[in-house]
Amino acid sequence: MVMLQNLNLFGKYLDQPAIIKGLNKAVPIVSVAAAASYTAYDTYKAPETEKKKTAVRDSFILSFSLASAFIATKGLKINGKKIIKGIIHDCDGHAHCHNEHNLSPISEVLAAIKQKGDKKLETSINKIKDGKYLKIKEIFELNKGLEELSPDKKLINKVIPDSHVHTYKEMFSELWTLTKIGTVPVVGGIAGGVAADKINGEDLNKTSKNKVKEGLYQYMANITLCNAGAGLALLTLNKFNVKSKAARFAGMMTGVVSVGILFGGTIANFAGKNLVNPLLDNKAKETTANTKQYHHFHNMFKDVNVERKPEILDLGLHIDDVASVGFLSGMKWIAPVLPALYSISGYRAGIGYRNGNNSENNNHAA
């Protein structure tokens, strides 16, 4: 119980408006630095004859993935004028940051503290109110003081509000928002990969198909179906009125694993084999001659995972789903990090990663 309380207070520390503001500024800079470092490392370890191509490929894919993710999320301003309106452009109307700018709950707590005459608590509250952040030790001291002031009211939640959704409409609005944020860098990665291949003189007819199929794989297995699994879990959690952040996190991760990780890859490969391959193959006569086999149910599932098998790294890529679930569970600090995490899927799509054939791109996993 004590450990759970300590974890909740650490979450409050991270959810302070000042820290979230700092993350919003820092994450894009850190992401660009990480992308540049990876490009340099990947270029350094590439064979001498491939260094230039590797540098071009990684630069284009990573820059397209990251730029599209952050622009789609936050929008784009040029000379103070909004050119593109982001998916999460501000907090108005977004369930994940409700009450963030509503200072009346803090004012109520502050009034109660002034009545008691506790100057130390008053100083801490005013720091948060003025957009400054408290150290972790100060958060624990603040919570202790607020519990002594009113043991039953959980006043810390008024000072640093929770961000969990309350209605089905809000819940699915957030899931749809996360799906859109995750989709954009995948498309951006594919665009960057195609542009790099064009510059590098690659045969686009050969390389583009794998990019589209890997993009579909990432979209289905790592974004859409994982969010669907989290959504189904949220419906169940809300039905049973589960409020605990830890319980909601565990429940939604169960949904992600059961729907996204276990079935997402196979569903994506099924679509790749039976939809993408026939559409993108340039061998029109062969495609027409083989059309009938795609309508035989058993042939549609035959060898469906041959050229793209789920692997350990794919599980690692689900770190963005862990973050998404944390975000939906009520952890506001995760929101600024999500575009960078989703960009990993964009990179793999841009590479056109396939582990069941001899493509040279197989050596470049995100």
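Shown above is the structure to which this text applies.
Scope of this entry: the structure provided in the associated data block. If you're wondering where the values come from, they're calculated on a predicted model, not measured in any experiment.

### Considering the environment of Lys51
For step 1, the next point in the chain: Relative to the helices and strands, Lys51 is located in helix H3 (residues 51–74).
For step 2, the next point in the chain: Considered as a pair, Lys51 and Ala40 are 11 residues apart in the sequence and their alpha carbons are 9.7 Å apart.
For step 3, the next point in the chain: Once residues lying within four places of it in the same chain are set aside, the contact partners of Lys51 are Thr43, Tyr44, Lys45 and Ala46.

### Notes on the packing of helix H2 (residues 17–45) against H3
For any two helices packed against each other, one specifies the crossing angle of their axes together with the interaxial distance.
For step 1, the next point in the chain: Between H2 and H3, the shortest axis-to-axis distance is 8 Å and the interhelical angle comes to 165 degrees. What the angle tells us is that H2 and H3 run roughly antiparallel. Handedness of the crossing formed by H2 with H3: right-handed. Listed contacts from H3 to Asn24, Val27, Pro28, Ser31, Val32, Ala35, Tyr38, Thr39, Asp42, Thr43, Tyr44 and Lys45 of H2 are Lys51, Thr54, Ala55, Arg57, Asp58, Ser59, Leu62, Leu66, Phe70 and Lys74.
For step 2, the next point in the chain: A breakdown of the residues in the contact of H2 with H3 according to their chemical character gives 10 nonpolar, 6 polar and 6 charged.

### Focus on the packing of helix H4 (residues 104–116) against helix H5 (residues 119–129)
For step 1, the next point in the chain: Interhelical geometry of H4 versus H5 gives an angle of 160 degrees and a closest axis separation of 9 Å. As judged from the angle between their axes, H4 and H5 are roughly antiparallel. Here H4 runs over H5; the crossing is left-handed. Of the residues in H5, those touching H4 at Ile106, Ser107, Val109, Leu110, Ile113 and Lys114 are Leu121, Glu122, Ile125, Asn126 and Lys129.

### With respect to H3
For step 1, the next point in the chain: Look at H3: 34 Å from first C-alpha to last across 24 residues, which is about the 34 Å you get at 1.5 Å a residue.
For step 2, the next point in the chain: One or two positions beyond H3, positive phi appears at Gly75, with a value near 90 degrees.

### Looking at the pattern of salt bridges
For step 1, the next point in the chain: If you walk through the whole model with that rule in mind, you get 11 salt bridges.
For step 2, the next point in the chain: For Asp42, the salt bridge identified is with Arg57, shortest N-O distance 3.1 Å. In this pair, Asp42 is assigned in helix H2 and Arg57 in helix H3, connecting sequence segments 15 residues apart.
For step 3, the next point in the chain: Residue classification places Asp42 among the buried residues on the basis of a relative accessible area of 1%.
For step 4, the next point in the chain: Taking the shortest distance from any N to any O, the salt bridge between Asp197 and Lys211 comes out at 3.0 Å. Here Asp197, found in helix H8 (residues 168–199), pairs with Lys211, found in helix H9 (residues 204–239); they are 14 residues apart in sequence, far enough to count as distant.

Conventions and cut-offs
- Residues numbered from 1 in each chain as written.
- Predicted model: local features only at pLDDT ≥ 70, side-chain atom pairs only at ≥ 80, totals over all residues.
- Heavy atoms only, no water.
- Helix = DSSP H or I, 4+ residues; strand = E, 2+ residues; numbered from the N terminus.
- Contact = heavy atoms within 4.5 Å.
- Axes fitted to C-alpha atoms, helices over the stretch in contact; angles between N-to-C directions.
- Parallel < 35°, antiparallel > 145°, perpendicular 65-115°, else oblique.
- Left-handed = near helix turned anticlockwise from the far one by under 90°.
- Nonpolar A, V, L, I, M, F, W, Y, C, P; charged D, E, K, R; others polar.
- Expected span 1.5 Å × (residues − 1).
- Salt bridge = Lys/Arg side-chain N within 4 Å of Asp/Glu carboxyl O.
- Buried < 20%, exposed > 50% of the residue type's maximum accessible area, 1.4 Å probe, protein only.

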